[in-house]
Amino acid sequence: MPGSLRFRLPALFLLGIVLAGVVAAAISLRLFQTYTRGQSVAELTREASGLAQLYADAALRAADEGSDAIDFAASKLELATGDRIFYVGASLFPGQDTGLQRLPDSSLPPEVTALAGPVSFELRPPGEERTFLAAAEPVRLEPDSDALGAIVVAKPKTVLRDQWVPLVGRL
């Protein structure tokens, strides 16, 4: 019976349906991964831009008023954003601690250390096992001035995976 045309045509038809389903699921998964990564990069870039402006304003205020560095804690900002926040570059508040974990230039791509503009990249901070998706934003005290450093906002790549794993189960 398996050699008959009556069996082969429906079996071929069923195989075509299964194959089309697998291909559609693979395409859907890839599109969702790309979408999730794009959304995460946009979110990290937005947060890095806001934090860079926040620290630049605090540095200007501290320089103008001769006051202490900042009145907000980096750990609370990390808690509010749910992301890790790092800093690279010259000190924004000479002689004072910002509370931000500093990154060595060697752990960053050249685009970040050039301090030319916003950059997104993958990061493995020193002492960490995980890889992070990160966005860096230069900190400028004035809009057209040279950047003093960069704020780097990062989230573990496993967070991205956790967003699309339920989709795999549904597919």
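Located above this text is the structure these notes cover.
Treat the numbers as computed from the prediction; the structure is a model and nothing was measured.

S.K.: Would you explain the pattern of salt bridges in this entry?
M.R.: When their charged atoms lie close together, side chains carrying opposite charge are able to pair. With the rule as written, the count across this model stands at 5 salt bridges. Two residues, K155 and E43, come together in a salt bridge whose shortest N-O distance is 3.7 Å. Here K155, found in strand β5 (residues 149–156), pairs with E43, found in helix α1 (residues 5–65); they are 112 residues apart in sequence, far enough to count as distant. Residue classification places K155 among the buried positions, given a relative accessible area of 7%. In this structure E43 comes out as partly exposed when scored by relative accessible area, which is 26%. We note a salt bridge from R84 to E128, for which the minimum N-O separation is 2.8 Å. Residue R84 is found in strand β1 (residues 84–89), and its partner E128 is found in the loop between β3 (119–123) and β4 (132–139); the two are separated by 44 residues along the sequence.

S.K.: For this particular structure, what's the right way to read the nonpolar core?
M.R.: As a rule of thumb, nonpolar side chains are buried together in soluble globular proteins. Formed by 22 residues in total, the largest nonpolar core has its most connected members in Y55, L92, F93, L100, V139 and I151. Of all elements in the fold, only α1, α2 (74–81), β1, β4 and β5 reach the threshold of two or more residues within this core. At 10 residues, the largest contribution of residues to this core is made by α1. Membership of the second largest hydrophobic core comes to 16 residues, among which are L103, L123, A134 and A147.

S.K.: Help me out: how do you make sense of the environment of L100 in this one?
M.R.: In this fold, L100 is placed in the loop between β1 and β2 (101–102). Among the residues examined, L100 registers a relative accessible area of 6% and is labelled buried. Along the backbone, L100 and E78 are 22 residues apart, and their C-alpha atoms lie at a distance of 9.6 Å. Ignoring any residue separated from it by four or fewer positions in sequence, one finds L100 in contact with Y55, A74, I85, Y87 and I151.

S.K.: What am I meant to see in unusual backbone geometry here?
M.R.: Backbone geometry follows two general trends: most residues other than glycine have a negative phi, and most peptide bonds adopt the trans configuration. Of note in this structure, L115 is not a glycine but carries a positive phi near 55°. Examined against the element boundaries, L115 turns out to sit in the loop between α3 (110–113) and β3.

S.K.: Mind showing me how you'd approach the sheet that holds β1 here?
M.R.: Whenever strands of a sheet pair, they do so through backbone hydrogen bonds, lying parallel or antiparallel. Overall, mixed pairing links the 5 strands, which are arranged β2-β1-β5-β4-β3 in an open sheet. Only two strands of the sheet have a single partner each, and these edge strands are β2 and β3. In terms of strand pairing, β4 meets β5 through 8 bridges, oriented antiparallel. The residue of β5 that forms the bridge with V139 is G149. Of the strands in this sheet, β1, β3, β4 and β5 are in contact with α1, which crosses β4 at around 35°.

S.K.: Help me out: how do you make sense of the side chain of D83 in this one?
M.R.: As for its position among the elements, D83 is in the loop between α2 and β1. Within the buried core, D83 has no salt-bridge partner, and the shortest N-O distance to an opposite charge, that of K155, equals 4.3 Å. Residues within four places of D83 in sequence aside, it is in contact with E43, L44, E47, E78, V153, A154 and K155.

Procedures and definitions
Residues numbered from 1 in each chain as written. Predicted model: local features only at pLDDT ≥ 70, side-chain atom pairs only at ≥ 80, totals over all residues. Heavy atoms only, no water. Salt bridge = Lys/Arg side-chain N within 4 Å of Asp/Glu carboxyl O. Helix = DSSP H or I, 4+ residues; strand = E, 2+ residues; numbered from the N terminus. Buried < 20%, exposed > 50% of the residue type's maximum accessible area, 1.4 Å probe, protein only. Core = buried A, V, L, I, M, F, W, Y, C linked by side-chain atoms within 4.5 Å. Contact = heavy atoms within 4.5 Å. Pairing = 2+ DSSP bridges. Axes fitted to C-alpha atoms, helices over the stretch in contact; angles between N-to-C directions. Lys, Arg positive; Asp, Glu negative; His and termini not counted.

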